[in-house]
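# Coordinates in review
Below, each chain spelled out in residue letters.
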Amino acid sequence: MDASGTAHREGSELAGLGLGQLRTLRRDAQEQEADLSYLRRLLHGRLDILRAELDRRRVEPAGPAIGEPALLERLPAILADAPSSVRRPARHVTLGPPRGEQYRREADVLMGDVRLVDLAAHPTAALLAAVERLTAHEREVSARRQSLQRTADDCSAEITRRYREGEARVDDLLSGG
């Protein structure tokens, strides 16, 4: 286990696994990482909404001005992703993680008593507490994701090394061996 509480396989440990085991370990790590990526996106969405409400309150402490767009109308702007200044290699992303509902419930639990449907009804302190809980959990999820990404990358590197050095053959893969 590494500091994030997730199993991370060292290169020497991977060298002792068969090709099938390496592929299974890589696939499992990729699936778990995709699930955590989904959870992370849920957390970010909720954080963005809460922060937008907190920003609105700083500008208009007495409440929303007459004619100000409601939260629902502001959601596209709140949830829009800004272009990233960091270039990262693309990873495979699944569209429907098998535990999506579980993660939605987990994100809802972290919100505590705060409900997104009526943020104006909650005191600022409750919104700030929800932001703290979500932020702390997002850090944990990110650390677990990074560990799983390293595991998948290490498995891929070990598989590649075996083919490159002749320990594994493409013919065996194609024949199901």
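The coordinates are above.
Core analysis: the largest hydrophobic core is formed by 25 residues, its most contacted members being Leu 43, Leu 50, Val 114 and Leu 134. Listed by contribution, the elements that provide at least two residues to this core are helix H2 (19-59), helix H4 (100-110) and helix H5 (124-164). Residues within four places of Val 114 in sequence aside, it is in contact with Leu 50, Leu 119, His 122, Ala 126, Leu 127 and Ala 130. One finds Leu 14, Leu 17, Leu 25 and Ile 159 within the second-largest nonpolar core, a separate group that totals 6 residues.

Turning next to the environment of Gln 149. Summarising the element assignment, Gln 149 is placed in helix H5. With 116 residues separating them in the primary sequence, Gln 149 and Glu 33 have C-alpha atoms 6.8 Å apart.

Here we take up the packing of H2 against helix H3 (residues 71-79). Interhelical geometry of H2 versus H3 gives an angle of 115° and a closest axis separation of 10 Å. Regarding H2 and H3, the two cross each other, and that crossing is right-handed. Touching Gly 45, Asp 48, Ile 49, Ala 52, Glu 53 and Arg 56 of H2 are Leu 71, Arg 74, Leu 75, Ile 78 and Leu 79, all from H3. Grouping the constituent residues of the contact of H2 with H3 by class yields 6 nonpolar, 1 polar and 4 charged.

Calculation criteria
Residues numbered from 1 in each chain as written. Predicted model: local features only at pLDDT ≥ 70, side-chain atom pairs only at ≥ 80, totals over all residues. Heavy atoms only, no water. Core = buried A, V, L, I, M, F, W, Y, C linked by side-chain atoms within 4.5 Å. Buried < 20%, exposed > 50% of the residue type's maximum accessible area, 1.4 Å probe, protein only. Helix = DSSP H or I, 4+ residues; strand = E, 2+ residues; numbered from the N terminus. Contact = heavy atoms within 4.5 Å. Axes fitted to C-alpha atoms, helices over the stretch in contact; angles between N-to-C directions. Left-handed = near helix turned anticlockwise from the far one by under 90°. Nonpolar A, V, L, I, M, F, W, Y, C, P; charged D, E, K, R; others polar.

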